[in-house]
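Examination of the molecular architecture
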Amino acid sequence: MNTATAIQGSKEGRALRTAFFVPDGTIEALKWLALALMTLDHVNKYLLHDKLAGAFALGRLAMPIFAFVLAYNLARPGAFEKGVYPRVVLRLLLVGVIASVPFMALGGLAAGWWPLNILFLLALASASIWLIEKRTNASQSAAFFLFLVGGAFVEFWWFGLGFCLAAWWYCKSPGRGKLLLWVTTGVSLYLVNSNLWALAAMPLILAAQHVDLRLPRLRNVFYAYYPVHLAVLWLVSWRLGIHV
């Protein structure tokens, strides 16, 4: 091994050690937890008309956890070089369009369609990060434009988008300033949720690095589950004659 290779290997090793690390099985467990909380929240909203005590508050943890899981995976070493970003964006957009049919049918949206479902939020965050990672003046400007304009059309708006970006930035290279920014974006979700329950996800996420769970990674479960569970909720609500 020559000197240049040794120096490069040392730099990469330091980068991996300083990055925020959570075992893969624990990341998968967080995803399942978010799925359960989201389902509880949607059942309470669409079938029970918010009558289940505590369900709304618990449901506010789902988006921050989903956002973190996405941000963490995008922050993995080599994600940009491996072409992860475009694949994730296209997958989220495709499933988001499919999920829009039951999502809009369930009602409760302005003009019948606004805001767009959470998959569009995650796709917008992924696209913004992709542009940031390109590190050109044009791509940085495009990322800012996408944030500014796109944030007006998705669930959780600019506040959810900011949370995704701050989580990714922290996962790439943790620091106190970046953690403070991430927490601040979590506080900003009060403007969407009218409560601070989203912040309850933060200690859970930060503690996850100390827990090593052994769960297999089921890559496409969320993509299939999201539109299917919305369709089931719509069919049940239609069958029972109840709508939001």
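For every chain, the first residue of the written sequence is number 1, and numbering continues from 1 along that sequence. Given that the model is predicted, a residue must reach a pLDDT of at least 70 before its local features are reported, and side-chain atom pairs must reach 80 or more before they are shown or counted; all residues, however, enter totals for whole chains, interfaces and linings. Side-chain figures throughout are based on the complete set of non-hydrogen atoms in the structure, without hydrogens or water.

1. Some thoughts on the packing of aromatic side chains
Here is the rule: rings of Phe, Tyr and Trp (six-membered ring for Trp) pair when centre to centre is within 6.5 Å. Planes less than 30 degrees apart are stacked, more than 60 are edge-to-face, and the remainder are tilted. Summed over the entire model, instances satisfying the criterion amount to 13 aromatic pairs. Between the aromatic rings of Phe 20 and Phe 68, the centroid separation amounts to 6.0 Å while the plane-to-plane angle is 75°, which identifies the pairing as edge-to-face. In this pair, Phe 20 sits in the loop between α1 (3–18) and α2 (24–46) while Phe 68 sits in helix α4 (residues 62–74), placing the two residues 48 residues apart along the sequence. Each residue is placed in one exposure class: buried if its accessible area under a 1.4 Å probe, protein chains only, is under 20% of its type's maximum, exposed if it is over 50%, and partly exposed if it falls in between. Residue classification places Phe 68 among the buried residues on the basis of a relative accessible area of 0%. Summarising the aromatic geometry, the rings of Trp 234 and Trp 238 are spaced 6.4 Å apart at their centres and angled 20° between planes, so their arrangement reads as stacked. Residue Trp 234 and its partner Trp 238 are both found in helix α12 (residues 221–240); the two are separated by 4 residues, about one turn of the helix. Here Trp 238 falls in the exposed class, since its relative accessible area comes to 53%. Grouped by ring-pair contacts, the aromatic residues Phe 20, Phe 68, Tyr 72, Phe 163, Tyr 170 and Trp 182 constitute a single cluster. In this structure, Arg 60 packs its charged tip against the face of Phe 56, placed 4.0 Å from the ring centre. Positioned over the ring face of Trp 130 is Lys 134, at 4.7 Å from the centre of the ring. Each helix corresponds to a stretch of at least 4 residues labelled H or I by DSSP, and each strand to a stretch of at least 2 residues labelled E; elements are numbered beginning at the N terminus. Criterion for a charge above a ring: Lys NZ or Arg CZ within 6 Å of the ring centre, and within 35 degrees of the ring normal.

2. Some details on the nonpolar core
We call a set of buried Ala, Val, Leu, Ile, Met, Phe, Trp, Tyr and Cys residues a nonpolar core when their side-chain atoms join them within 4.5 Å. Within the largest apolar cluster, 64 residues are counted, with the highest numbers of intra-cluster contacts made by Phe 68, Trp 182 and Tyr 226. When residues in this core are grouped by element, the largest group, 11 residues, is from α4. Contacts of Tyr 226, omitting those with residues within four sequence positions, involve Met 38, His 42, Ala 99, Phe 103, Asn 117, Ile 118, Leu 119 and Glu 155. Contact criterion: two residues are considered in contact whenever any of their non-hydrogen atoms come within 4.5 Å of each other.

3. Focus on the environment of Leu 181
Checked against the element boundaries, Leu 181 lands in helix α9 (residues 176–188). Looking at Leu 181, the relative accessible area reads 37%, which means it is partly exposed. C-alpha separation for the pair Leu 181 and Val 232, spaced 51 residues apart in sequence, amounts to 38 Å. Residues in contact with Leu 181, not counting those within four places in the same chain, are Ala 166 and Trp 169.

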